[in-house]
Amino acid sequence: ERLYHYSKASGKEKVFLEIKEKINANNFEGALQVAEQTSGPIAAIAAEALIHRQDSPEVLQDAISIKGSLELARLNQNLHILELIGRIAPMIGLLGTVMGMVTAFQKVATVKGSVDPSILAGGIWEALLTTVAGLCVALPALVIHHFFEDKVNSLAFQMKHCANELLRLLGGEKLDRV
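An account of the accompanying structure is given in this report. (Residues numbered from 1 in each chain as written. Predicted model: local features only at pLDDT ≥ 70, side-chain atom pairs only at ≥ 80, totals over all residues. Heavy atoms only, no water.)

## Description of the nonpolar core
Y6, I19, I23, L50, I64, L75 and L166 are the most contacted members of the largest nonpolar core, which totals 31 residues. When residues of this core are traced back to their parent elements, those giving at least two are α1 (2-9), α2 (13-24), α3 (28-36), α4 (41-51), α5 (57-76), α6 (79-110) and α7 (117-170). Looking at which element gives the most residues to this core, the answer is α7, with 11 residues. Not counting the four nearest positions on each side in its chain, I19 is found in contact with A31, V34, A35, A46 and L50. (Core = buried A, V, L, I, M, F, W, Y, C linked by side-chain atoms within 4.5 Å. Buried < 20%, exposed > 50% of the residue type's maximum accessible area, 1.4 Å probe, protein only. Helix = DSSP H or I, 4+ residues; strand = E, 2+ residues; numbered from the N terminus. Contact = heavy atoms within 4.5 Å.)

## Notes on the packing of aromatic side chains
Between two aromatic rings, the relevant description is the distance of the centres plus the angle of the planes. What the rule picks out here adds up to two aromatic pairs. Ring plane angle 70° and centroid distance 5.2 Å describe the contact between Y6 and F148, whose orientation is recorded as edge-to-face. Highlighted residues: Y6 in helix α1 and F148 in helix α7, separated in sequence by 142 residues. An identical accessibility class is assigned to Y6 and F148; each is buried. Ring plane angle 50° and centroid distance 5.7 Å describe the contact between F147 and F148, whose orientation is recorded as tilted. Accessibility expressed as a relative area gives 7% for F148, which makes it buried. Grouping aromatic residues by their ring pairs yields a cluster made of Y6, F147 and F148. (Phe/Tyr/Trp six-rings, centres within 6.5 Å; stacked < 30°, edge-to-face > 60°.)

## Describing α1
For α1, every residue scored as buried is listed here: R2, H5, Y6 and A9. Axial view of α1: buried residues confined to an arc of 95°, hence all on one face. Among the exposed residues of α1, those oriented more than 90 degrees off its buried face are L3 and Y4. Against α4, α5, α6 and α7 lie the buried residues of α1. In the stretch just after α1, G11 is the one whose phi turns positive, near 70°. (Arc of directions from axis to C-beta.)

## So, α2
Between the first and last C-alpha of α2 there are 16 Å, a value that for 12 residues agrees with the 16 Å anticipated at 1.5 Å per step. Burial in α2 covers these residues: F16, I19, K20 and I23. Buried residues of α2, seen end-on, are gathered within an arc of 100° and therefore sit on one face of the element. Every exposed residue of α2 that faces more than 90 degrees away from the buried side is listed here: K14 and E21. In this structure, the buried side of α2 is in contact with α3, α4 and α7. Backbone geometry just after α2 places N26 at a positive phi near 60°. (Expected span 1.5 Å × (residues − 1).)

Any link to function would need more than the numbers given here.
This is how it looks when you write it as structure tokens:
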């Protein structure tokens, strides 16, 4: 879901250049139309800026900042679930290992006389499989989470850059926050 969302949010540099060209040509309605027909956070910020272009610089800046915050929240949506999976999966695997070890030692305890090492080894082997399974889930989840976090940071930087460019073009002041 996040991969799909980020792919739709990325690669809009040409669209932003088209919006800037239309703004420079004083074709604000055309720029707004392009922004509204384009998906992604940068186009959403551009549309918001164009809607508020005739407001005071403070109102324009606040509108862009609020829209940027909303778009950033959308970009971060569901990332915490991926991180949670990456953090909990090894713990669940470890819990399974401990429970498996308890079962293995219970089997050994029920055997009277000499203990066959294969009983213990088989139980330990089964118990360790849960740790392997937990790590097989956690490692890709954490790697993907890290990749997606970097994508969000990159998009946030692009959003801030484009917001500042829009403010410059539309007569607002430089934006410190998005």
